[in-house]
Amino acid sequence: MKEAYFPQEIEKKWQKKWEETGVFKTPEDSDKPKYYALSMFPYPSGKLHMGHVRNYTITDVIARFKKAQGFNVLHPMGWDSFGLPAENAAMKHGADPAKWTDENIAYMTKQLKMLGLSYDWDREVATCKPEYYKWTQWLFLQLYKKGLAYKKEAAVNWCDKCATVLANEQVIDGKCWRCDSVVEKKYLSQWFLKITDYADVLLKDLDKLEGWGDNVKTMQANWIGKSHGAIFKFKVKEIPDMEVPVYTTRPDTVHGITYLVVAPEYKDIEKLTTPENKHSVEEYRANARKMTEIERLSNDRVKTGVPLGTHCINPFNGEEFPLWTADYALVEYGTGAVMAVPTHDTRDFEFAKKYNLPLKVVISPKDKTLDVAEMTDAYTEEGVLINSNEFDGLKNTDAKKAITEKAVKKGFGEFKTQYRLRDWLISRQRYWGAPIPIVYCDKCGIQPVPEDQLPVLLPKDVDFSVVGKSPITTSKTFIETTCPVCGSPAHRETDTMDTFICSSWYYLRYADAKNDKKPFDKDLVNKWLPVDQYVGGIEHAILHLLYSRFFTKALRDLGLLDFDEPFKNLLTQGMVLKDGSKMSKSKGNTVDPDEIFENYGADTARLFILSDSPPARDFDWSDAGVEGCYKFLNRVWRLISSNADNISLDIPEIKAGMLKSKQNDDLVRVVNMAIKGITNDISNDFQFNTVISKYRELTNAIYEWRGAKKELDEEDKLVLSYAIVSLIKLMSPVAVHLTEEAWHELGGQGSIHEQDWCKWDEDLAKASSMTLVVQVNGKVKDKIEVDEGVSQDEMKEHALNSEKVQNAISGKTVIKTIVVPKKLVNIVVK
RNA sequence: GCCCUUGUGGCGGAAUCGGUAGACGCGUUGGACUUAAAAUCCAAUCGGGGCUCAACCUCGGUGCCAGUUCAAGUCUGGCCAAGGGCACCA
């Protein structure tokens, strides 16, 4: 074995060898239990960044650990390869997005292989390939046939820079998630998926996801935004037969309504406006239209509105109140109209104060009476109803139900559960995506492309230089087609699908990646799924993870699979930082993985990225830290190479009491404790940082042991072999190349990555002596080495015999003595 | 405003059940080896106080304030701060 550690040399050698021997392929005919480890697949942007390195290393170590523990592990990789950057590159350089994408995939594949990741490359998928998107289109058609995909005209989010619409989930603070430009509202006819049909079950099933963090689950719950309330219908005084329904979560305050607000885009607003108010209402609406979402939603904006001139009648008490329009009412939520109770709602209060609308108290707090003239804020807490006729005296929490029941009985209201979640807008006016397989015929209307005509291929005769519209619309060969029903000339849908559709089912395809008859075989998917461990960034907490859950449930309802949640356990890894802030090109604080591979090797990169922080926390990259890990691997290497002559892989079982030397006994104990600790640390929440500190402790212990020995006898050699081989095996999921090289240099057969995980023996991990901690009044006074098996009485005796303890308790009365077996004695004195 | 997460040395972070706070590493300081450097190895490293120095002794210390307990980083209540999510959602 060479004296010096040359990572670049051994890493290349083993990567080649592993590819040749196919160690990381996942057999289908195994009788071992299955384990599916998955990283969120990357967008092929060009090069790996450190976030990728962290993500894939974490999953890789998990996969290797599970494999060593006897699982048949599925650990695949693929490419989320549709999307705008490829198209933008195409526009800029006049290149084909497919070519740009393929080149990036090739480069990044090379990098992934350099990292030594244990993927089964036979199962690789790329969402932009026809053999994949054929099935994306097929799945769309199944959803369409089930009524879960539909087209409608709606106010949608439009990003002018990307020249396409966006889903609600892709608008962050009123800006485009990709390019950060301000999003506008446009009225367009677009394709949607009916995710709202699943709102309730998506919320409810979050409870089943015990292996998900609370942060992600609450983010999803908030996004779905379920609320309970009532719909009340109000007759319009000036217009017979006309009603304005409102949704409220506070039916208990219904007797306190003093006005009603409809959104500027409310469908019946023109009818509800009197001729005298027409002008001001029109002006207000025009203004609202011009405003961007950001301006409109801004928090510190003063509320504005104008009266419509008409009035509604409160069916509970006959009171009349005016109708207004104000942009704090949202057309897309509830009914688009709000009953306003200024005394008990902060927004209504602010608005009423500004426009001098009346206030009426209907909920009274327990300890005081509210005086309208003195109120500076709405009272939104609990209380007892007043000014509410027969409901006076009821607790407001009880009144919600009672009042709604009255409305139901009298026919002017109903109970209502409302969700914040909107349907998923999936059309994109872009080229580089899966074409929506729909044809428009003048005679037959909207027609799905027959399944045997899939895939609808992306055209090649496309002009990427067009501005303001999708490049795909420049292809005549694509647009012009015939109607699948009547055969007359027709045109194709030019919108492509949101790339999040493609990524909503890729994890299913890995189970049966090469199937050309269907998206996947039901039995294979049922066998491998759900994913046992999913690892990825927190930025997908809502988007990808919610969509995938929806897809899984919808596909189950279509009978394509038998489970209802795709990801059993979810690990959201923290960001990789440099100097305390996120790595970014604009800040110039990026670290190129290629440079790290070249200077230190992949094993150092893998070790370091796992070493300093637990996976879920942010990780601060430091050059000194990399250096430290590289030094450690060198230290491990020297330990092995300098002792190679004395190490044999033929290690007889070591049993408690078998060894003559106490030093050897101690080292064996350290090894067993390391095996136990490392195994537990990986099993509990993948605490790789403490795993690595235990590698170091074990290495230090072996060095220390070796330093104390001059000549090695047979027993010493056995113990040394046991310690070093255990270290190599324990380190094999992380330092994948170094340990493989060492394994072979020591005469090992096959691959270290096919060896069973180390087992520990409780008897060997047990120390013959223990440190007895003695406290007086809870403060540590002494530590005494005692035999491991001492009785509680003996512990007490040892404690009282201590000189330090005697000093501390002299002149005082012992009240009681607490003995914690195998740990400590606490003497309480006064 | 509501919700989630996190607060421990100079830094990253350890500490199954409440039971030795600061494992392991980074950094720093000192030393060994060397003509020298690199590499490597050894030692020290929470703060205050006592002792001529050291060994040692002693007090305080896990965001803050209370509480429960023989014993609290860990449990309970109330605050504070940072990060993230949602947000005129009626």
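Residues numbered from 1 in each chain as written. Chains lettered and ligands numbered in written order. Predicted model: local features only at pLDDT ≥ 70, side-chain atom pairs only at ≥ 80, totals over all residues. Heavy atoms only, no water.

1. Some details on the overall build of chain A
Then comes step 1: The helix and strand tally for chain A stands at 26 helices and 34 strands.
Then comes step 2: Taking the principal axes of its C-alpha atoms as reference, chain A extends roughly 105 × 85 × 50 Å.
Then comes step 3: Counting every position in chain A, which comprises 830 residues, the buried fraction comes to 54%.
Then comes step 4: Sequence-distant contacts in chain A: of pairs separated by 6 or more residues, those separated by 24 or more amount to 72%.
Then comes step 5: Of the accessible surface of chain A, which amounts to about 37300 Å², a share of 49% is contributed by carbon and sulfur atoms. (Helix = DSSP H or I, 4+ residues; strand = E, 2+ residues; numbered from the N terminus. Buried < 20%, exposed > 50% of the residue type's maximum accessible area, 1.4 Å probe, protein only. Contact = heavy atoms within 4.5 Å. Areas by Shrake-Rupley, 256 points an atom, 1.4 Å probe, with all protein chains shown as cover.)

2. Topic: the sheet that holds strand β5 (residues 149-159)
Across a sheet, strands are paired by hydrogen bonds formed along the backbone, either parallel or antiparallel in direction.
Then comes step 1: Across the sheet, which stays open at both edges, the four strands sit in the order β6-β5-β9-β19 with antiparallel pairing between neighbours. Edge positions in the sheet fall to β6 (164-166) and β19 (424-425), since each of these pairs with one other strand and no more.
Then comes step 2: Relative to β19, strand β9 (residues 183-193) runs antiparallel, the two sharing two bridges. Bridge pairing links Phe192 to Leu425 in β19. (Pairing = 2+ DSSP bridges.)

3. Section: helix α5 (residues 130-145)
One turn of the α-helix equals 3.6 residues, which is why residues spaced by three or four share an orientation.
Then comes step 1: With 16 residues, α5 extends 22 Å from end C-alpha to end C-alpha; this agrees with the ideal 22 Å at 1.5 Å per step.
Then comes step 2: Tyr132, Tyr133, Trp135, Thr136, Gln137, Trp138, Leu139, Phe140, Leu141, Gln142 and Leu143 are the residues of α5 that are buried.
Then comes step 3: Remark: Gly147 follows α5 within two positions and exhibits a positive phi of approximately 80°. (Expected span 1.5 Å × (residues − 1).)

4. A word on the nonpolar core
Then comes step 1: In this structure, Trp424, Tyr507, Leu508, Leu529, Phe551, Trp621 and Tyr695 are the most contacted members of the largest nonpolar core, which totals 185 residues.
Then comes step 2: Residue contributions to this core peak at 11 residues, all from helix α22 (residues 714-731).
Then comes step 3: Contact partners of Tyr695, with chain neighbours within four places excluded, come to Leu607, Phe632, Ile678, Leu727, Leu730, Met731 and Val734.
Then comes step 4: Met242, Ile257, Tyr266 and Trp324 belong to the second largest nonpolar core, which has 50 residues in total. (Core = buried A, V, L, I, M, F, W, Y, C linked by side-chain atoms within 4.5 Å.)

5. Thoughts on the packing of helix α2 (residues 50-68) against helix α18 (residues 602-611)
Then comes step 1: Packing of α2 against α18 brings their axes to within 9 Å, and their N-to-C directions diverge by 95°. The orientation of α2 with respect to α18, classified from their angle, is roughly perpendicular. Contacts between α2 and α18 pair Met50, Val53, Arg54, Thr57, Ile58, Asp60, Val61 and Arg64 from the former with Arg606, Ile609 and Leu610 from the latter.
Then comes step 2: In terms of residue class, the contact of α2 with α18 is made up of six nonpolar, one polar and four charged. (Axes fitted to C-alpha atoms, helices over the stretch in contact; angles between N-to-C directions. Parallel < 35°, antiparallel > 145°, perpendicular 65-115°, else oblique. Nonpolar A, V, L, I, M, F, W, Y, C, P; charged D, E, K, R; others polar.)

6. Structural notes on the environment of Thr343
Then comes step 1: Residue position: Thr343 is located in the loop between β15 (337-340) and α10 (346-354).
Then comes step 2: In this structure, the C-alpha to C-alpha distance between Thr343 and Gly537, residues 194 residues apart in sequence, is 44 Å.
Then comes step 3: With sequence-adjacent residues up to four places away left out, Thr343 is seen in contact with Leu359, Lys360, Val361, Met375, Ala378 and Tyr379.

7. A word on the packing of α18 against helix α23 (residues 736-745)
Helix packing geometry: the angle between the two helix axes and the distance between the axes.
Then comes step 1: Look at α18 against α23: their axes get within 7 Å of each other, and the N-to-C directions meet at 125°. The orientation of α18 with respect to α23, classified from their angle, is oblique. Along the contact surface, α18 presents Ala602, Asp603 and Arg606, while α23 presents Val736, His737 and Leu738.
Then comes step 2: The residue makeup of the contact of α18 with α23, split by class, is three nonpolar, one polar and two charged.

8. Digging into the side chain of Arg285
Then comes step 1: Mapped onto the elements of the fold, Arg285 is located in helix α8 (residues 278-290).
Then comes step 2: Those residues in contact with Arg285 that sit more than four places away from it in its chain are Pro264, Glu265, Ile269 and Glu270.

9. Points about unusual backbone geometry
Then comes step 1: With an omega dihedral of 0°, the bond running from Leu454 to Pro455 counts as a cis peptide bond.
Then comes step 2: With respect to the element layout, Pro455 can be found in the loop between β22 (445-448) and α12 (476-479).

10. Quick word on α10
Then comes step 1: Of the residues making up α10, those classed as buried are Asp348, Phe349, Phe351 and Ala352.
Then comes step 2: Packed against the buried residues of α10 are β12 (259-262), β13 (305-313), β14 (320-326) and β15.
Then comes step 3: Phi for Asn356, located one or two positions after α10, is positive at around 55°.

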